[in-house]
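# Structural characterization, general
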Amino acid sequence: MERTLSIIKPDAVSKNVIGKIIQRFEDAGLKVVGLKMLHLNKDVAKGFYKEHNERAFFADLIKFMTSNPVVVQVLEGESAVRLNRQLMGDTDPQTAAEGTIRSDFAKSIDANAVHGSDSLESAAREIEYFFDKSEIFS
Ligand code: IDP
Ligand code: MG
């Protein structure tokens, strides 16, 4: 059993598809064991994406992630990290496989509907970044 961090990004929240995206996780056997809606400020977004702070797109990424509220979730299940990445699809919605969340709900690489932890180590850091232990229920 693993846990991973998922974020429904500002573009998807604005498009009113929170429920449709969570349905994908539940249908695939992942359980939502923590969930909150937040409007990230710049410092929180920069800390979350600190591994990307040298990248050319970093400023745009922070601007986007702070542009509207997000929904942050802890997903639990067998191989949760890899399964969530599969459900999400490639970073670029244009190359994401058909039927994936990014293919179905996003149009561009910068506004790509969802975040998902890329390893168990990232998942542990990212879950702790947004959730107190008392806010996770399994
Ligand atoms: P991931 O979200 O699929 O793990 P990362 O490479 O970790 O992809 O990048 C983090 C986020 O930064 C992406 O989801 C996307 O929003 C943004 N991003 C990544 N590459 C680019 C790019 O080339 N241009 C603009 N934004 C990008
Ligand atoms: Mg990533």
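Up top is the structure these notes are about.
Conventions used here
- Each chain carries its own residue numbering, running from 1 in the direction its sequence is written.
- Whichever chain is written first becomes A and whichever ligand is written first becomes 1, with later ones labelled in order.
- Under the rules for a predicted model, residues below a pLDDT of 70 receive no local features and side-chain atom pairs below 80 are neither given nor counted, while totals for whole chains, interfaces and linings still include all residues.
- In computing side-chain properties, one takes all heavy atoms of the structure into account and sets aside hydrogens as well as water.
- Strands here are runs of E lasting at least two residues and helices are runs of H or I lasting at least four, both read from the DSSP assignment and numbered beginning at the N terminus.
- Just to be clear, the radius of gyration here is over C-alpha atoms, and the globule rule we use is 2.2 Å times residues to the power 0.38.
- Think of it in three bands: residues with accessible area under 20% of the maximum for their type are buried, residues over 50% are exposed, and the middle band is partly exposed, with areas taken using a 1.4 Å probe on protein chains only.
- Contacts are residue-level and defined by heavy atoms, with any inter-residue pair within 4.5 Å sufficient.
- The rule for pairing is simple: two strands pair if DSSP sees at least two bridges between them.
- With axes taken as lines fitted to C-alpha atoms, and helix axes fitted only over the stretch in contact, angles between N-to-C directions fall between 0 and 180 degrees.
- We call a residue near a molecule or strand as soon as one heavy atom of that residue lies within 4 Å of the molecule or strand.
- Under the rule applied, a polar contact is a pair of N or O atoms within 3.5 Å (in protein, one hydrogen donor and one hydrogen acceptor; residues adjacent in sequence only if both atoms are side-chain atoms).
- Method remark: on a 1 Å grid restricted to protein atoms, a set of points is classed as a cavity if a 1.4 Å probe fits but cannot get out and as a pocket if it is open with protein on both sides within 12 Å along at least five of seven lines; lining residues have an atom within 4 Å of a point.
- Any molecule with more than half of its atoms within 2 Å of a cavity's or pocket's grid points is counted as sitting in it.
- Polar here means any residue other than Ala, Val, Leu, Ile, Met, Phe, Trp, Tyr, Cys and Pro, which are nonpolar, and Asp, Glu, Lys and Arg, which are charged; Gly is therefore polar.
- Grid points are joined across faces, edges and corners, and a volume is the space filled by probe spheres set on the points.
- Side-chain rings of Phe, Tyr and Trp, where Trp is taken by its six-membered ring, are said to pair if the distance between their centres is within 6.5 Å; with planes under 30 degrees apart they count as stacked, over 60 as edge-to-face, and otherwise as tilted.
- Sitting over a ring, as applied to charges here, requires NZ of Lys or CZ of Arg to be within 6 Å of the ring centre and within 35 degrees of the ring normal.

The secondary structure content of the chain amounts to seven helices and four strands. Listed N to C, the secondary structure of the chain is β-α-α-β-α-α-β-α-α-β-α in terms of helices and strands. In summary, the chain has a C-alpha radius of gyration of 14 Å against a globular reference of 14 Å for 138 residues, a match within 12%. Each principal axis of the C-alpha distribution contributes one length, and for the chain these read about 35 × 35 × 25 Å. Across the 138 residues of the chain, 49% fall into the buried class. A separation threshold of at least 6 residues defines the contact pool for the chain, and within that pool the share at least 24 residues apart is 77%.

Right, let's get into the sheet that holds strand β4 (residues 114-116). Reading across from one edge, β2-β3-β1-β4 is the order of the four strands in this open sheet, with antiparallel pairing throughout. Single-partner strands in this sheet number two, and they are β2 (31-38) and β4. With strand direction ignored, the average angle separating the axes of adjacent strands in the sheet is 20 degrees. Where strand β1 (residues 2-8) meets strand β3 (residues 70-77), seven bridges bridge the pair, whose relative direction is antiparallel. When the sheet's bridge partners are listed, R3 is paired in β3 with E76.

K9, Y49, H52, F57, L61, R85, T91, R102, I109, D110 and N112 make up every residue found near ligand 1. Take R102: an N or O atom from its side chain is 3.0 Å from an oxygen atom of ligand 1. If you map ligand 1 onto the pockets, it falls in the largest pocket. Within the shell around ligand 1, the residues separate by chemical class into four nonpolar, three polar and four charged.

With that settled, the discussion passes to the layout of surface pockets. Its volume calculated, the largest pocket comes out at about 460 Å³. Counting only elements with at least two residues in the lining of the largest pocket, the list comes to α4 (58-65), α5 (80-88), β4 and α7 (120-130). Residue contributions to the lining of the largest pocket peak at three residues, all from β4. When the residues that make up the lining of the largest pocket are grouped by side-chain class, the tally is seven nonpolar, seven polar and nine charged.

Before going further, it helps to spend a moment on the packing of aromatic side chains. Enumeration over the complete set of coordinates arrives at four aromatic pairs. Seen from the ring of F131, K36 lies directly overhead, with NZ or CZ sitting 4.6 Å from the centre.

A separate point is the side chain of H115. Relative to the helices and strands, H115 resides in strand β4. Polar side-chain contacts of H115 include one of 2.9 Å to the side chain of E126.

Counting through the fold element by element, N41 comes out in the loop between β2 and α3 (42-48). Under the relative-accessibility criterion, N41 is labelled partly exposed at 43%. At 3.0 Å, the side chain of N41 and the backbone nitrogen of D43 are in polar contact.

With that settled, consider the side chain of S117. Secondary-structure assignment places S117 in the loop between β4 and α7. Filtering out sequence-adjacent residues up to four positions away, S117 remains in contact with T4, L5, V81, R85, S122, A123 and E126.

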